[in-house]
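The chain contents come next:
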Amino acid sequence: MDLQALLDDLAAESALFAAQGRVADYIPALAAVDPARFGIALATMEGRLLGSGDWQAPFSIQSVSKAFSLALVLARDGEALWRRVGREPSGNPFNSLVQLEYEKGIPRNPFINAGALVLVDRLLSLAGDALGTLRAFLREESGNPEVDVDGEVAASEAAHGHRNAALAHFMASCGNLENPVEVVLDHYFRQCALAMSCADLARAALFLANHGLRADGSRLLTRSESKRINAVMLTCGTYDAAGDFAYRVGLPGKSGVGGGILAVLPERGVLCVWSPALDAHGNSIAGVEALDRFTTRTGWSVF
Ligand code: GLN
């Protein structure tokens, strides 16, 4: 199979779909991104790295970061994490407040914002500097020492982060945060504002396709933990559209409102696609479409 030709075709076909979506504007710094950008990268287990379009351009990874923070927390905390956060699809928007109150401050899963705030809180308790730990990991796994926070995006998100602040304060009122709300929010906003390319992200996530083994051959996760993260990505990684994503793409995936989506091809590699125009659930329209076409044409899904 000519994978390069396939990625080039997917990039060429993307424009039509991007035009149907809208760039996230509730974080003002993200609204300035050109909706016509499109990149796709494939990192394979054999060490190949292919891409098309803007696959080497850094973008705001936003909630794609949550797949990595789950891995870092699970590696340190094991099953204890699940006392503080669930692992069921939310069926509600990623920033919903109402479900959190019904469920007494225990977020439905680690990928909605409330759950990701719990991950940041745990990583602060376990590792000290949550953002620094995550950034160091992403630099090592991607092989790109330049991976860093976009300060403008982080400041913009902090200035408009009332919903995330509400979620964090509510969880604190339920006793489900160990660190001060302001510290948790600061690390969370900077984590979401990390800028990486499709190439960086695809390479950085290879451990999820490789049963938990890192780029240097050391083990981050047991086979079972790696399986569990992939399972939570499949069922919760694209929020209240996770069922549709599984139906169309058939891979564990994690999206972000910067327009990036990471998809794991177990034992084969990792795909990352970027197109900033989003659907109503906050997932990249052209990104989901490209992943749908990729698995349809290659047959490389988990089903
Ligand atoms: N930083 C964003 C927020 O907290 C992340 C949301 C997302 O990417 N789905 O709203």
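As the structure is a prediction and not an experimental result, all values here were calculated from the model.

A. Focus on the pairing of strand β3 (residues 49-53). Summarising the sheet, strand β2 (residues 39-44) and β3 pair through 5 bridges and their orientation is antiparallel. Bridge pairing links Ala41 to Gly51 in β3. Counting the residues between successive antiparallel strands, the hairpin from β2 to β3 contains 4 residues, one of them, Gly47, with a positive phi of roughly 95°.

B. Inspection of the packing of aromatic side chains at higher detail. One pass over the full model with this rule turns up 7 aromatic pairs. Residues Tyr26 and Phe94 carry aromatic rings whose centres are separated by 6.4 Å and whose planes lie at 40° to one another, so their mutual orientation is tilted. Taken together, the residues Tyr26 in the loop between β1 (22-23) and α3 (28-31) and Phe94 in the loop between α4 (65-77) and α5 (98-102) connect sequence positions 68 residues apart. Here Tyr26 falls in the partly exposed class, since its relative accessible area comes to 37%. Centre to centre, the rings of Phe137 and Phe207 are 5.5 Å apart; their planes meet at 80°, and the pair counts as edge-to-face. Here Phe137, found in helix α7 (residues 130-142), pairs with Phe207, found in helix α12 (residues 206-209); they are 70 residues apart in sequence, far enough to count as distant. For the pair formed by Phe137 and Phe207, the shared burial category is buried.

C. Region of interest: the sheet that holds β2. Spatial ordering of the open sheet is given by β3-β2-β9-β8-β7, a layout of 5 strands whose pairing is antiparallel. At either end of the open sheet lies a strand with only one pairing partner, and these are β3 and β7 (253-255). Going from strand to strand, the sheet's axes swing by 10° on average, the running direction of each strand aside. Here 3 bridges tie β7 to strand β8 (residues 260-265), and the two strands are oriented antiparallel to one another.

D. Here's a closer look at the site of the ligand. Around the ligand, the surrounding shell consists of Tyr26, Gln62, Ser63, Phe94, Asn113, Glu157, Asn164, Tyr188, Cys192, Tyr239, Gly256 and Val257. At a separation of 2.5 Å, an oxygen atom of the ligand approaches a polar side-chain atom of Tyr26. Within the backbone of Val257, one N or O atom sits 2.8 Å away from an oxygen atom of the ligand.

E. Inspection of the packing of helix α6 (residues 113-127) against helix α9 (residues 162-173) at higher detail. Direction vectors running N to C along α6 and α9 enclose 65°, while the axes themselves pass 10 Å from each other. In this structure, the crossing between α6 and α9 has a hand that is right-handed. Seen from α6, the contacting residues are Asn113, Ala114, Leu117 and Val118; seen from α9, they are Asn164, Leu167, Ala168 and Met171. A breakdown of the residues in the contact of α6 with α9 according to their chemical character gives 6 nonpolar, 2 polar and no charged.

F. Focus on the packing of α4 against helix α10 (residues 181-192). Contact pair α4 / α10: the axes reach a minimum separation of 9 Å and the direction vectors enclose 125°. In terms of orientation, α4 lies oblique with respect to α10. In this structure, the crossing between α4 and α10 has a hand that is right-handed. For the pair formed by α4 and α10, the contact residues are Ser65, Lys66 and Ser69 on the first element and Tyr188, Gln191 and Cys192 on the second.

G. Structural context of helix α13 (residues 223-236). Look at α13: 20 Å from first C-alpha to last across 14 residues, which is about the 20 Å you get at 1.5 Å a residue. The complete set of buried residues in α13 reads Glu225, Ser226, Ile229, Asn230, Val232, Met233, Leu234 and Cys236. Considering only its buried residues, α13 is in contact with α4, α12, α14 (242-248), β7 and β8.

H. A look at unusual backbone geometry. At Lys104, a residue that is not glycine, the phi angle is positive and equals roughly 55°. One can find Lys104 in the loop between α5 and α6. Owing to a relative accessible area of 64%, Lys104 belongs among the exposed residues under this scheme. Positive phi, close to 65°, is recorded for Glu267, a residue that is not glycine. In this fold, Glu267 is placed in the loop between β8 and β9 (269-274). Residue Glu267 is classed as exposed on the basis of its relative accessible area, which comes to 52%.

Quick notes on the rules
- Residues numbered from 1 in each chain as written.
- Predicted model: local features only at pLDDT ≥ 70, side-chain atom pairs only at ≥ 80, totals over all residues.
- Heavy atoms only, no water.
- Pairing = 2+ DSSP bridges.
- Helix = DSSP H or I, 4+ residues; strand = E, 2+ residues; numbered from the N terminus.
- Phe/Tyr/Trp six-rings, centres within 6.5 Å; stacked < 30°, edge-to-face > 60°.
- Buried < 20%, exposed > 50% of the residue type's maximum accessible area, 1.4 Å probe, protein only.
- Axes fitted to C-alpha atoms, helices over the stretch in contact; angles between N-to-C directions.
- Near = heavy atom within 4 Å.
- Polar contact = N/O pair within 3.5 Å; in protein donor to acceptor, adjacent residues only side chain to side chain.
- Left-handed = near helix turned anticlockwise from the far one by under 90°.
- Contact = heavy atoms within 4.5 Å.
- Nonpolar A, V, L, I, M, F, W, Y, C, P; charged D, E, K, R; others polar.
- Parallel < 35°, antiparallel > 145°, perpendicular 65-115°, else oblique.
- Expected span 1.5 Å × (residues − 1).

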